[in-house]
Amino acid sequence: LFPLVACLPTAAGGRTARHAAFASYRGEAVSDASMEVVRGAVPDWLRGAYLRNGPGLFEAGERRLRHWFDGYALLTRVQLSGGETPPRLTTRFVETDALTAARAGSL
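Residues numbered from 1 in each chain as written. Predicted model: local features only at pLDDT ≥ 70, side-chain atom pairs only at ≥ 80, totals over all residues. Heavy atoms only, no water.

Turning our attention to the sheet that holds strand β5 (residues 72-81). A sheet is described by the order of its strands in space; here 4 strands give the open sequence β1-β6-β5-β2, paired in antiparallel fashion. The open sheet has two free edges, formed respectively by β1 (30-34) and β2 (47-57), since each of these has just one partner strand. On average, each strand axis in the sheet is tilted by 15 degrees relative to the strand beside it, whichever way the strands run. Two elements, β2 and β5, share 10 bridges in a ladder whose sense is antiparallel. Each residue of the ladder has a partner; that of Arg47, found in β5, is Ser81. (Pairing = 2+ DSSP bridges. Helix = DSSP H or I, 4+ residues; strand = E, 2+ residues; numbered from the N terminus. Axes fitted to C-alpha atoms, helices over the stretch in contact; angles between N-to-C directions.)

Let's shift gears to the nonpolar core. Core analysis: the biggest nonpolar cluster contains 10 residues, these being Phe22, Leu57, Phe58, Ala60, Leu65, Tyr72, Leu74, Phe93, Leu99 and Ala102. Elements supplying a minimum of two residues to this core: β5 and α3 (97-103). Leu65 has contacts with Leu57, Phe58, Glu59, Asp70, Gly71 and Tyr72, leaving out every residue within four places of it along the chain. (Core = buried A, V, L, I, M, F, W, Y, C linked by side-chain atoms within 4.5 Å. Buried < 20%, exposed > 50% of the residue type's maximum accessible area, 1.4 Å probe, protein only. Contact = heavy atoms within 4.5 Å.)

Each regular strand carries side chains that alternate between the two faces of the sheet. Pairing analysis gives 3 bridges linking β1 to strand β6 (residues 88-93), with the strands arranged antiparallel. Within the sheet, the bridge partner assigned to Ala33 lies in β6 and is Leu89. Two strands pair when backbone bridges link them, and β5 and β6 are joined in this way by 6 bridges, in the antiparallel orientation. Residue pairing in the sheet places Val78 in a bridge with Leu89 of β6.

Structure, rendered in structure tokens:
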């Protein structure tokens, strides 16, 4: 089998995209923020919501988490309403007991 890590592009600072995937989301929760389409256009027929549930925080106090299943969950939604309206972004961490304990430094 061809190793996946060997195919990953290099991100800024010489780190691979694999390392970038383990970077914590440092922003505040976003609620229905307008997004800018940087290149191209959103097709008129593309309507609906793209939802992603995945890791968003890889630290628990002084401890660094090193597996995707260990990261604290971040919900992301991009609402698409066709080409005339810009996409809208919403993000939220899943407020679990474990996340609360980690933020308090007791995990």
